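Coordinate inspection notes
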Amino acid sequence: MRIAVAGATGRMGRAVLAALRGQADACLSGALVRTGDGARGQDAAALIGGAPFGVPVSDVPEEVIAGCDVLIDFTAPKATAHYAEICARLGKGAVIGTTGLSAAISEGLAALAGNGRFVVAANMSVGVNLALHLLEIAARALPDADIEILEAHHRHKVDAPSGTALRLGEVAAAARGQRLADVAVYDRHRERAPRAAGSIGFAAIRAGEIVGEHRVYLALPSERLEIAHIADNREVFAEGALRAARFLMGRAHGLYDMQDVLGLR
């Protein structure tokens, strides 16, 4: 399985490069960066250390994608939309972990999936996706619980709440027959009022180098259920992305997520 990595100089790009070392069934075929990136032309191993991959860093998307079976993409929404179009046109699979995708870009990915094979997930961690599954069960079983979602990430993260927190909210809302847009509360600073029944609250922390923490509170008058996931390093996301890439090999055209990869539906 030939894997190309988009955003190779980023935190997750480097984590995927490292995860590819020693894989028996996968190899690095391309390392993609933004136009003019200073790493262009270097062996991809220069980004993480260790023995050379024999793969130069490139800023030419068509060239990199043409040489892979699956592109793993943790970049930015605009870049993701561009790379997905190329993947669909060239018949390549794509594992997309980019967060902050707009509704328009998400709709575009769904349309492209008619000619492509995409796994799209705000979080590639196996543990997080099991937590999503458990939350769906809990929210359905506890329809009257107050639901609050707390997430924490490193100080460099630009979107808040995180894509994973929003997905947790979507799953909880759907399990109760709601739309998240109708019940989400992101800021209680300006309104002094009791908590609205049925609402789903969010809180975000940005500090230091926190990799990623998510907690969902389902609170009833006399008890509280908590579903939590803590990532100690980025390897969990990289390993999940490789698992998703394996899932895509030989798969029919379509739009998939990690629930599909893990066989949870």
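Conventions we followed
Residues numbered from 1 in each chain as written. Predicted model: local features only at pLDDT ≥ 70, side-chain atom pairs only at ≥ 80, totals over all residues. Heavy atoms only, no water. Helix = DSSP H or I, 4+ residues; strand = E, 2+ residues; numbered from the N terminus. Rg over C-alpha atoms; globule rule 2.2 N^0.38 Å. Buried < 20%, exposed > 50% of the residue type's maximum accessible area, 1.4 Å probe, protein only. Areas by Shrake-Rupley, 256 points an atom, 1.4 Å probe, with all protein chains shown as cover. Lys, Arg positive; Asp, Glu negative; His and termini not counted. Charge placed at Lys NZ, Arg CZ, Asp CG, Glu CD. Pairing = 2+ DSSP bridges. Contact = heavy atoms within 4.5 Å. Axes fitted to C-alpha atoms, helices over the stretch in contact; angles between N-to-C directions. Phe/Tyr/Trp six-rings, centres within 6.5 Å; stacked < 30°, edge-to-face > 60°. Lys NZ or Arg CZ within 6 Å of the ring centre and 35° of its normal. Right-handed = clockwise from strand over helix to strand, strands pointing away. Parallel < 35°, antiparallel > 145°, perpendicular 65-115°, else oblique. Left-handed = near helix turned anticlockwise from the far one by under 90°. Nonpolar A, V, L, I, M, F, W, Y, C, P; charged D, E, K, R; others polar.

**Considering the overall build of the protein**
Looking only at helices and strands, the protein features nine helices and twelve strands. Against the 2.2 N^0.38 benchmark of 18 Å for 265 residues, the protein shows a C-alpha radius of gyration of 19 Å, consistent with a compact globule. Expressed as lengths along the three principal axes of its C-alpha atoms, the size of the protein is roughly 60 × 40 × 35 Å. The buried share among the 265 residues of the protein stands at 46%. Carbon and sulfur atoms form 52% of the exposed surface of the protein, whose accessible area is close to 12,600 Å². In the protein, the 28 positive side-chain charges and the 29 negative ones have mean positions that sit 1 Å from each other.

**Brief notes about the sheet that holds strand β7 (residues 146-153)**
Reading across from one edge, β8-β9-β7-β10-β11 is the order of the five strands in this open sheet, with mixed pairing throughout. The outermost strands of the open sheet, each flanked by one partner alone, are β8 (184-185) and β11 (224-231). Two strands pair when backbone bridges link them, and β7 and strand β9 (residues 200-206) are joined in this way by seven bridges, in the parallel orientation. Opposite I149, over in β9, you have F202 as the bridge partner. Against the sheet, helix α6 (residues 163-175) engages β7, β9 and β10 (212-219), with an angle of about 170° to β9.

**Here's the deal with the packing of aromatic side chains**
Aromatic ring pairs are defined here through the distance separating the ring centres and the angle between the ring planes. Applying the stated rule across the entire model yields two aromatic pairs. Ring geometry for F247 and Y256: centres 5.2 Å apart, planes at 80°, overall edge-to-face. Accessibility classification places F247 together with Y256 in one group, the buried group. A cation over a ring is seen here: R21 above F53, with NZ or CZ 4.3 Å from the ring centre. Just above the ring of F247 sits the side chain of R251; from NZ or CZ to the centre is 3.8 Å.

**With respect to the pairing of strand β6 (residues 117-120)**
Note: strand β5 (residues 93-96) against β6, four bridges, orientation parallel. Looking at β6, one finds that I96 is bridged to V120. A crossover links β5 with its parallel partner β6, the connecting element being helix α4 (residues 103-112), and its sense is right-handed. Alignment of β6 against strand β12 (residues 254-256), held across three bridges, turns out to be parallel. Bridge pairing links R117 to G254 in β12.

**Things to note about the environment of G67**
Take G67: it is sitting in the loop between α2 (61-66) and β4 (70-73). For G67, a relative accessible area of 27% gives the class partly exposed. On a C-alpha basis, the gap between G67 and R21 in space is 18 Å, while along the polypeptide they are 46 residues apart. Excluding residues that lie within four positions of it along the chain, G67 makes contacts with R2 and S29.

**Concerning the packing of helix α1 (residues 11-20) against helix α8 (residues 235-248)**
Where α1 meets α8, the closest approach of the two axes is 8 Å, and the angle between their N-to-C directions is 65°. As the angle between them shows, α1 and α8 are arranged roughly perpendicular. At the point where α1 passes α8, the crossing takes the right-handed sense. Within the contact between the two elements, α1 uses M12, A15, V16, A19 and L20 and α8 uses F237, A238, E239 and L242. A per-class count over the contact of α1 with α8 returns eight nonpolar, no polar and one charged.

**Topic: α1**
A large share of α1 lies buried, amounting to seven of its ten residues. Considered for burial, the residues of α1 that qualify are M12, G13, A15, V16, L17, A19 and L20. Buried residues along α1 sit against β1 (2-6), β2 (27-32), β4 and α8. Looking one or two places after α1, you find G22, whose phi comes out positive at around 80°.

**Some details on the sheet that holds β12**
The strand order β3-β2-β1-β4-β5-β6-β12 describes an open sheet built from seven strands, whose pairing is parallel. Each edge of the open sheet is held by one strand with a lone partner, namely β3 (57-58) and β12. Relative to the sheet, α8 contacts β1, β4, β5, β6 and β12, its axis offset from that of β5 by approximately 155°.

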